[in-house]
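Here are the chains, one letter per residue:
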Amino acid sequence: MPQTLKEVDVVVIGVGFAGSILAKELAATGLKVVGLERGHTRHSVPDFQAPAIHDELKYSVRKGMMQDVTREAMTFRNQHREVALPMRQWEAFLPGTGLGGCGVHWNGQAWRYQVADFIYKTHIEQRYGKKIVDPDLRIQDWGVTYQELEPYYDRFEYLLGVCGKAGNLNGKIEQGGNPLEAPRSREYPNPPMKEQYAGALFRKAATDLGYHPFLQPSANMTRPYTNPEGLTLNPCVYCGFCERYGCEHFAKASPQTVILPVLMKNPNFELRTESQVLRINLDSSGKKATGVNYMDAQGREFEQPASLVLLTAFALNDVRMLLLSGIGKPYDPVTEKGVVGRNYAYQTQSYVPAFLKEDIHLNSFMAAGASGTVIDDFSADNFDHSALGFIGGCYVLCGSTNARPIEFHPTPPGTPRWGRQWKEAVRRHYNHTAVFNLSGTSTASRWNYLDLDPTYRDAWGLPLLRMTFDFPENDLRMSRYVTNKASEIARRMGATTVVDEPRTGPFTTTTYQSTHNTGGAIIGSDPATSVVNRYCQTWDVPNVFVVGACNYPQNSSYNPTGTLGALIYWTADALKSRYLKNPGPLV
Amino acid sequence: MTRNHILRNTALALPFAGALLVSFSTAQSAATDSTQLGAQIVAQGTANGAIACARCHGFDGQADGSGAFPKLAGQFPQYLAKQLRAYASGTRQNALMEPIAKGLKDAEIDSVAQYYASLHPSTLPSRPVAAQLVARGEQLAKLGDLNLRVQACESCHGPNGQGEPPAVPYLAGQYSHYINFQIQMFRQGIRKSQQMQDPAHSLREPDIVAVAAYFERASRNGAK
């Protein structure tokens, strides 16, 4: 029998960026908030300090900061008719766990989406007509616009201290920034990062070809910065251990550095780590949540009653929790009825390694997680697709996020995979190879979705999440087109060998691509095609809000965290200014 | 592998090895010349008004235990040269060092830096202090302090404060008085460093004393 605890006002499931910011905002209004985090407590000191944190084997190879697959795995298949099998180790994407969530081990690439991304269906159909969209694709508008989210993007960027140069200030194009970005209301809080040598070479080649290179927005500090919560961050030292690692310098914006110390000081907030939420409980009507059940590290089950439940775990786990709790109707791709699990999308990544002459020393190990030089000319719908036969695009980024010894050894095609020739090739190319990273849109499709696995269960006896995904043909055509364009830039840089590697199907879980898993609990204005309304409130159970990349109806070219930050503050505002005064459906 | 095989490979390898030796020894003798010039400046000063470095820092780069002047022996040449240029340009302020640095030509700065870098620092006996103080310093150096939001000093200054060449100086064996004074300079914004600004502000006075005491007693790996 679970032990029933004293009722609180709010339960937050998952204490990452979304959980800690929402908890902070609500606890500040006087509400009693409990944060349930399945992973461990961890802080910049002592958990992220060097030299222990720079353990590539532990954190990169053995995925030290990720969800424990021996307790909670996921199953995967490419096609609806196949039998899904469990992933026994993380490779393609890396769901984080522990206090701070993915906000601890991210690269700090803090982008905004484009104006058109939020009205994608309307925009694409207006610009190109309906025929450009393949029949199986399911693009949608968000139900909330860029203009509405802009103040919340701004707030999140100032919380993080994002470093960059504005390219579009209130519609006015600024020198030195990204002229193709959506208009922003004020300058970035901090100047951009230092440009890497590879990025400088790329900048020249891209400019020669008529593109518009700029330094990407970064949440790794370029100077000491005190955020509006009064927390001070230190400048980054470009050590090249951002993604998959915690930052020892208080230099990368993470919940630990930008918000948690303030939240933890508020006596209205209580953090409970190693607390595995089993389900959100509903009353007999199924329209109201009464709290959650969770299990602690000793295997004791508790019922925590609450009047408001915020689901803020990793995107994929949010979807699973809705399915486990019976909130919203599960999606069925055959009938296209149901919504939970619908429009699961990803990121269509590709790479262009440019092998340069031996007298060009790139020193790519002097890097931060977001110190690349980028062109936005082929992102999203920033270019005319009329004659191209696909929708979507990629940003093209040159620059390293690291050049760590175990993971980074570029060799040209035809190099043996081991032995003396391999070693010789690594020696020759290690410091002379610039790798372009193309981050591409992922278009939602009828057959890509998430549901519960009928066979496999986790350590608590609950069904695993099942992912059914393959790249839509549209996205592969898109990747081919933009990757070819990127190769032209690489050749212009004087590369002796350029490897043109567009994304090809089928999707495989065995090589890392991106942890930008989106959709499954999507936002929208129609309950028949979305799980949450424009305030991230579930249509079916108004006292359950879900905030995560699972809200995205399809994925744009950009890394999702910046947009997630905007949604977090947008939702916080709706909760504080409207929901708390009059709990009930906001739409 | 046969004897002939080995001989054949050796024969092939020899001309290359020869070429390497020649170029290596050329480079080495240039460095030696520069270091010798550095030694001369350290002992005698220059005609342009730079007084002999040895007067304060010692010919052996050990200065003295008072810590009024830093130990320079074995400090990284790039770091030393950067500091001299900063004194010369006034970006690092010091009434004593500024005219001296201005009296050194560019090549002389590199020579002096190379000379001091080539010396092995030795550890002089320290004054006894409370074990607790050193322990607190070690904690800050190796782990940092969450409440103060200070990272471990050794994240940049290397294990035991052995430094991270070329940019980050060693602290192991440096005089505590000097370390303490420099942190105060960073704290007051007189000495400027983006990396040091915040930690120097966040440390409390007793922490600064503690961390300085720890590093004076830390043993630099490879130090003879």
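Remember, predicted model here, so these are calculated numbers, not experimental data. (Residues numbered from 1 in each chain as written. Chains lettered and ligands numbered in written order. Predicted model: local features only at pLDDT ≥ 70, side-chain atom pairs only at ≥ 80, totals over all residues.)

A. How the structure looks around the overall build of chain A. For chain A, the count of helices and strands is 13 helices and 22 strands. The globule rule puts the C-alpha radius of gyration for 587 residues at 25 Å, and the 23 Å found for chain A is close to it. If one aligns the C-alpha atoms of chain A with their principal axes, the spans along those axes are about 70 × 55 × 50 Å. Of all 587 residues assigned to chain A, the portion counted as buried reaches 56%. Once local pairs closer than 6 in sequence are excluded, the contacts in chain A between residues at least 24 apart make up 75%. (Helix = DSSP H or I, 4+ residues; strand = E, 2+ residues; numbered from the N terminus. Rg over C-alpha atoms; globule rule 2.2 N^0.38 Å. Buried ≥ 20, exposed ≤ 12 C-beta atoms within 10 Å, placed from the backbone. Contact = placed C-beta atoms within 7 Å.)

B. Just the overall build of chain B, in detail. Tallying secondary structure elements over chain B gives 10 helices and zero strands in all. Along its sequence from the N terminus, chain B presents helices and strands in the succession α-α-α-α-α-α-α-α-α-α. Taken across its 224 residues, chain B has 39% of its residues classed as buried. Taking contacts inside chain B between residues at least 6 apart in sequence as the whole, the part at least 24 apart equals 67%.

C. Up close: the environment of S400 of chain A. All names here are of chain A. With respect to the secondary-structure elements, S400 resides in the loop between β17 (394–398) and α11 (420–429). In this structure S400 comes out as buried when scored by C-beta crowding, with 26 C-beta atoms within 10 Å. For the pair S400 and R186, spaced 214 residues apart in sequence, the C-alpha to C-alpha distance is 28 Å. Those residues in contact with S400, other than ones at most four positions away along the chain, are Q196, A198, S364 and A367.

D. The arrangement of the confidence of the model for chain B in detail. Residues and elements named next belong to chain B. Per-chain confidence: chain B averages 88 in pLDDT, with 86% of residues scoring 70 or above. Mean pLDDT values for the elements of chain B range from 62 in helix α1 (residues 3–44) up to 98 in helix α3 (residues 77–89). Segment residues 1–22: pLDDT under 50, and one contact once partners within four positions in sequence are set aside and those in other chains are kept. Here the predicted complex carries an ipTM of 0.85, next to a pTM of 0.93. (pLDDT = per-residue confidence, 0-100.)

E. Local environment of the sheet that holds strand β5 (residues 85–86) of chain A. Residue and element names in this part refer to chain A. What the four strands build is an open sheet, ordered β5-β4-β20-β19; its pairing is mixed. The sheet is open, and its two edges are formed by β5 and β19 (449–457), each paired on a single side. Helix α10 (residues 315–325) rests against β4 (74–77), β19 and β20 (463–468) of the sheet, and its axis sits at about 70° to β19. (Pairing = 2+ DSSP bridges. Axes fitted to C-alpha atoms, helices over the stretch in contact; angles between N-to-C directions.)

F. Spotlight on the interface of chain A and chain B. Taken together, the contacts link 16 residues of chain A with 15 residues of chain B. Among the elements that make up the side of chain A that touches chain B, the one with the highest residue count is helix α2 (residues 44–47) of chain A (three residues). Its residues assigned to classes, the side of chain A that touches chain B comprises eight nonpolar, six polar and two charged. (Nonpolar A, V, L, I, M, F, W, Y, C, P; charged D, E, K, R; others polar.)

G. Highlighting the environment of R42 of chain A. All names here are of chain A. Along the polypeptide, R42 turns up in the loop between β3 (33–36) and α2. As for R42 and A219, which are separated by 177 residues in sequence, their C-alpha atoms are 20 Å apart. Not counting the four nearest positions on each side in its chain, R42 is found in contact with D47, G98, L99 and G100.

H. Layout of unusual backbone geometry. In this structure, the amide linkage connecting V45 of chain A to the following residue, P46 of chain A, adopts the cis form with an omega of 5°. Summarising the element assignment, P46 of chain A is placed in helix α2. In the segment running from P165 of chain B into P166 of chain B, the intervening peptide bond is cis, with an omega of 5°. Phi angles above zero are rare outside glycine, and A63 of chain B is one such case at about 50°. Inspection of the secondary structure assignment puts A63 of chain B in the loop between α2 (54–57) and α3. Among the residues examined, A63 of chain B registers 21 C-beta atoms within 10 Å and is labelled buried.

I. Spatial organisation of the sheet that holds strand β21 (residues 497–498) of chain A. All names here are of chain A. Spatially, β8-β16-β17-β18-β15-β21 is the arrangement adopted by the six strands of the open sheet, whose pairing is antiparallel. One side of each edge strand has no neighbouring strand; the edge strands of this open sheet are β8 (214–215) and β21. As judged from the eight bridges shared by strand β15 (residues 348–355) and strand β18 (residues 433–440), these two strands associate in the antiparallel manner. Its bridge partner being in β18, A354 is matched across the sheet by A434.

J. Highlighting helix α10 (residues 205–217) of chain B. All names here are of chain B. Its 13 residues place the ends of α10 19 Å apart at the C-alpha level, agreeing with the 18 Å of an ideal helix rising 1.5 Å per residue. The complete set of buried residues in α10 reads I208, V209, A210, V211, A212, A213, Y214, F215 and E216. Buried residues in α10 make contact with α6 (131–142) and α8 (176–187). (Expected span 1.5 Å × (residues − 1).)

K. Spotlight on the domain arrangement of chain B. One can read the domain layout of chain B as domain 1 (32–118) and domain 2 (131–217). The distance between the C-alpha centroids of domain 1 of chain B and domain 2 of chain B comes to 23 Å. (Domains from an automatic or database assignment.)

L. Expanded view of the packing of helix α6 (residues 146–160) of chain A against helix α13 (residues 561–579) of chain A. Residue and element names in this part refer to chain A. For the pair α6 and α13, the least separation of the axes is 8 Å and the interaxial angle reads 110°. Of the possible angle classes, the one that applies to α6 and α13 is roughly perpendicular. In contact with L149, Y152, Y153, R155 and F156 of α6, α13 contributes G562, G565, A566, I568, Y569 and W570. (Parallel < 35°, antiparallel > 145°, perpendicular 65-115°, else oblique.)

M. Region of the structure containing the pairing of β3 of chain A. All names here are of chain A. The alternating pattern of β3 places V33 and G35 on one face and V34 and L36 on the opposite face, and all of these are buried. Where strand β2 (residues 8–13) and β3 come together, four bridges link them in parallel fashion. Pairing of I13 across the sheet is with L36, part of β3. In this region the chain leaves β2, passes through helix α1 (residues 17–27) and returns to the parallel neighbour β3; the handedness of that crossover is right-handed. Inspection of the sheet shows β3 paired to strand β11 (residues 269–272) by four bridges, in the parallel sense. Across the sheet, residue V33 finds its bridge partner in β11, namely F269. (Right-handed = clockwise from strand over helix to strand, strands pointing away.)

N. Geometry of α6 of chain A. Residues and elements named next belong to chain A. With 15 residues, α6 should reach 21 Å at 1.5 Å per residue; the first-to-last C-alpha distance of 20 Å fits that figure. The largest bend in α6 comes to about 25°, at Y152. Looking at α6, one finds that the buried residues are Y146, L149, Y152, Y153, D154, F156, E157, L159 and L160. For α6, the elements touching its buried residues are α8 (255–258) and α13. Immediately downstream of α6, the backbone of G161 shows phi near 80°, a positive value. (Bend = angle between axes of the 7 residues up to and from the residue.)

O. Seen up close, the pairing of strand β14 (residues 301–311) of chain A. Residues and elements named next belong to chain A. By the bridge criterion, two bridges tie strand β1 (residues 3–4) to β14 in an arrangement that is parallel. Bridge pairing in β14 links Q3 to F302. When β2 meets β14, the two strands line up parallel, connected through five bridges. In the strand pairing of β14, V10 is matched with L308. Here five bridges tie strand β13 (residues 289–295) to β14, and the two strands are oriented antiparallel to one another. In the strand pairing of β14, G291 is matched with P305. Between the end of β13 and the start of β14, which pair antiparallel, lie five residues, with G299 showing a positive phi angle near 80°. In this structure, β14 lies alongside strand β22 (residues 544–546), joined through three bridges in parallel fashion.

P. Representation of the nonpolar core. Among the nonpolar cores identified, the biggest contains 198 residues, and V396, A434, F436, V546 and I568 of chain A are the most heavily contacted of them. By residue number, the principal contributor to this core is α13 of chain A, which donates nine residues. With sequence-adjacent residues up to four places away left out, F436 of chain A is seen in contact with Y351, V352, A354, V396, L397, C398, A486 and A490 of chain A. The next biggest cluster of nonpolar side chains, apart from the first, holds 22 residues, and it includes V42, L80, V112 and A117 of chain B. (Core = buried A, V, L, I, M, F, W, Y, C linked by C-beta atoms within 7 Å.)

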